[in-house]
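Per-entry structural report
Take a look at the letters that make up each chain.
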Amino acid sequence: MPQLKTRTPLRTLLLIIGLSWAVYGAAETPEPVTVEMTTNNGVIVLELLPEYAPETVKNFLAYMDSGHYDGLIFHRVIPDFMIQGGGVDSRLLPRKTRAPIVNEAASGLRNMRGTIAMARTANPDSATSQFFINLSDNNFLDYGFQGGAGYAVFGRVVEGIDVVDRIAKIRTRPMGPHQNVPVDTVVIERVRVREAAAAE
């Protein structure tokens, strides 16, 4: 019985290694996640980017899956700056949050108009559930600006920027410890992952 040849030609070996690296690299790069944020002013569609901010996206989705955002409001609106929500309800009462997460502002994503980023206190690693959507290019919020830790961008608006701009135009007033609260309450009715369209 003839013996089988076990030596693999170098060209074939290199091809196998190249394909292996290609498959491995593809598996290690997480796909963007598209979510729909339905408000009483319209729908905002967000593309979340776990490739750049994996812990931040994981944190946002965990709050979303638990229904945390449903019924909360955009409680801070500053024209030409940002709209902020995800922390309090229409009575400005906070909802219980999970443990804070690490700040991923050094990912390279910038606080450009239409991006979504995590709100936090002066402590860089203090973000929990609150987020904001940038109305302008706010480069002073980026990592490294004047040595600052930055605010972690983790996605962007891909549909509904007109809804964001409409919210930004609502008149605001101070209420208790909060400043810039919309007079007409902006409710986040629900946040859900957008289901992929069925193949034709």
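Structure shown above.
In this report, the structure presented in the accompanying data block is examined. Everything quoted here is computed from the prediction, not taken from an experiment.

The next subject is the overall build of the protein chain. If you tally the helices and strands in the protein chain, you get three helices and 10 strands. In the protein chain, the order of α-helices and β-strands from amino to carboxyl end is α-β-β-α-β-β-β-β-β-α-β-β-β. Here the protein chain holds 200 residues, and the buried ones make up 40% of them. Across the protein chain, every contact between residues at least 6 apart in sequence was considered, and the portion connecting residues at least 24 apart equals 67%. Within the structure as shown, the protein chain displays about 11800 Å² of accessible surface, and the carbon and sulfur contribution to it stands at 54%.

At Leu92, a residue that is not glycine, the phi angle is positive and equals roughly 65°. We classify Leu92 as buried; its relative accessible area is 13%. Positioned with a positive phi, Gln146 is a non-glycine residue whose angle comes to about 50°. Relative to the elements of secondary structure, Gln146 occurs in the loop between strand S6 (131-134) and strand S7 (153-159).

The next thing to look at is the packing of aromatic side chains. With the rule as written, the count across this model stands at eight aromatic pairs. Ring centres of Tyr69 and Phe131 lie 5.5 Å apart, and the angle between their planes is 80°; on these two criteria the pair is classed as edge-to-face. Here Tyr69 is found in the loop between helix H2 (54-65) and strand S3 (72-78), whereas its partner Phe131 is found in strand S6, with 62 residues between them in sequence. Judged by relative accessible area, which is 1%, Tyr69 ranks as buried. Taken together through their ring pairs, the aromatic side chains of Phe60, Tyr63, Tyr69, Phe74, Phe131 and Phe154 make up a single cluster. The side chain of Arg98 reaches across the aromatic face of Tyr63, ending 5.8 Å from its centre. Arg120 extends its terminal NZ or CZ atom over the ring of Tyr151, reaching a point 4.0 Å from the ring centre.

As a further point, take the layout of surface pockets. Its boundaries defined by the atoms lining it, the largest pocket holds a volume of some 360 Å³. Forming the boundary of the largest pocket are 18 residues, of which Arg76, Gln84, Ala119, Arg120 and Gln130 lie nearest the centre. Put simply, the parts of the chain that give the lining of the largest pocket at least two residues each are S3, strand S4 (82-85) and strand S9 (178-182). Among the residues making up the lining of the largest pocket, the classes are represented as eight nonpolar, eight polar and two charged.

Leu48, Phe60 and Phe131 are the most contacted members of the largest nonpolar core, which totals 34 residues. Among residues more than four places away in sequence, those in contact with Phe60 are Val35, Met37, Leu48, Tyr69, Ile116, Phe131, Phe154 and Val191. Counting nine residues, the second-largest nonpolar core is a separate cluster that includes Leu49, Phe81, Leu109 and Ala117.

Assignment of secondary structure puts Asn103 in the loop between S4 and strand S5 (115-118). A polar side-chain atom of Asn103 sits 2.9 Å from the main-chain amide nitrogen of Ala105. Polar contacts involving the side chain of Asn103 include one to the main-chain carbonyl oxygen of Pro124, which spans 3.4 Å. Excluding anything up to four places from it in sequence, Asn103 contacts Arg120, Pro124, Asp125, Ala149, Gly150 and Ala152.

The rules behind each value
- Residues numbered from 1 in each chain as written.
- Predicted model: local features only at pLDDT ≥ 70, side-chain atom pairs only at ≥ 80, totals over all residues.
- Heavy atoms only, no water.
- Helix = DSSP H or I, 4+ residues; strand = E, 2+ residues; numbered from the N terminus.
- Buried < 20%, exposed > 50% of the residue type's maximum accessible area, 1.4 Å probe, protein only.
- Contact = heavy atoms within 4.5 Å.
- Areas by Shrake-Rupley, 256 points an atom, 1.4 Å probe, with all protein chains shown as cover.
- Phe/Tyr/Trp six-rings, centres within 6.5 Å; stacked < 30°, edge-to-face > 60°.
- Lys NZ or Arg CZ within 6 Å of the ring centre and 35° of its normal.
- 1 Å grid on protein atoms, 1.4 Å probe; cavity = no way out; pocket = protein on both sides within 12 Å on 5 of 7 lines; lining within 4 Å.
- Points joined across faces, edges and corners; volume = space filled by probe spheres on them.
- Nonpolar A, V, L, I, M, F, W, Y, C, P; charged D, E, K, R; others polar.
- Core = buried A, V, L, I, M, F, W, Y, C linked by side-chain atoms within 4.5 Å.
- Polar contact = N/O pair within 3.5 Å; in protein donor to acceptor, adjacent residues only side chain to side chain.

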